[in-house]
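# Fold and geometry: a report
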Amino acid sequence: MMMLSELGEKEIINLNNGERLGIIADADIIIDEKTGKVITLLVPEKKLQFKLFGENENIEIPWHTIRKIGNDMVIVELEIF
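The text that follows walks through the structure, step by step, so that each part is easy to find.

### Points about the sheet that holds strand E4 (residues 38-44)
Note on sheets: strands pair through backbone hydrogen bonds, and any given pair is parallel or antiparallel. Read across the open sheet, the 3 strands follow the order E3-E4-E5; overall the sheet is antiparallel. Every interior strand has two partners, whereas the edge strands, strand E3 (28-31) and strand E5 (58-62), have only one. Pairwise comparison of adjacent strand axes, ignoring direction, gives a mean angle of 25° for this sheet.

### Structural notes on the side chain of Lys-10
Assignment of secondary structure puts Lys-10 in the loop between helix H1 (4-7) and strand E1 (11-14). One buried charged residue, Lys-10, remains without a salt bridge, the closest side chain of opposite sign being Asp-72 at 6.0 Å. A polar atom in the side chain of Lys-10 sits 2.8 Å from the backbone oxygen of Gly-70. If we ignore the near neighbours within four places in the chain, the residues touching Lys-10 are Met-2, Gly-22, Ile-23, Ile-24, Ile-69, Gly-70, Asn-71, Asp-72, Met-73 and Val-74.

### Thoughts on a nonpolar patch on the surface
A surface patch of nonpolar side chains, about 260 Å² in accessible area, is lined by Met-2, Trp-63 and Ile-69. With respect to the element layout, Met-2 can be found in the segment before H1.

### Observations concerning the nonpolar core
Membership of the largest hydrophobic core comes to 13 residues, with the highest contact counts inside it found for Ile-12, Leu-21, Ile-24, Ile-61, Val-74, Val-76 and Leu-78. Those elements giving two or more residues to this core turn out to be E4, E5 and strand E7 (73-76). Apart from the residues within four sequence positions on either side, Leu-21 is in contact with Ile-12, Asn-14, Val-43, Pro-44, Ile-59, Ile-61, Val-76, Leu-78 and Ile-80.

The rules we used
- Residues numbered from 1 in each chain as written.
- Predicted model: local features only at pLDDT ≥ 70, side-chain atom pairs only at ≥ 80, totals over all residues.
- Heavy atoms only, no water.
- Pairing = 2+ DSSP bridges.
- Helix = DSSP H or I, 4+ residues; strand = E, 2+ residues; numbered from the N terminus.
- Axes fitted to C-alpha atoms, helices over the stretch in contact; angles between N-to-C directions.
- Buried < 20%, exposed > 50% of the residue type's maximum accessible area, 1.4 Å probe, protein only.
- Lys, Arg positive; Asp, Glu negative; His and termini not counted.
- Salt bridge = Lys/Arg side-chain N within 4 Å of Asp/Glu carboxyl O.
- Polar contact = N/O pair within 3.5 Å; in protein donor to acceptor, adjacent residues only side chain to side chain.
- Contact = heavy atoms within 4.5 Å.
- Patch = residues over 30% accessible without salt bridge, like charges linked within 9 Å, V, L, I, M, F, W, Y side chains within 5 Å.
- Areas by Shrake-Rupley, 256 points an atom, 1.4 Å probe, with all protein chains shown as cover.
- Core = buried A, V, L, I, M, F, W, Y, C linked by side-chain atoms within 4.5 Å.

Read these as spatial facts, not as claims about activity.
Here it is as structure tokens:
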């Protein structure tokens, strides 16, 4: 069993290219209000050094792409172009 507070500092790593996408603590979680199921994680994209006009760029990680939640990281299988 894992508590939400333990999940927060885990890094999100893409299995397809080994890229570090961010950490769970920085992500927003989209939940289906009817079922209570997690649909997507929205992780702020770190590629931009500054934000233009206050716009936030996010990487959408569908919950079904999570392959493993380990001690230090969350492994996702995501195609990013």
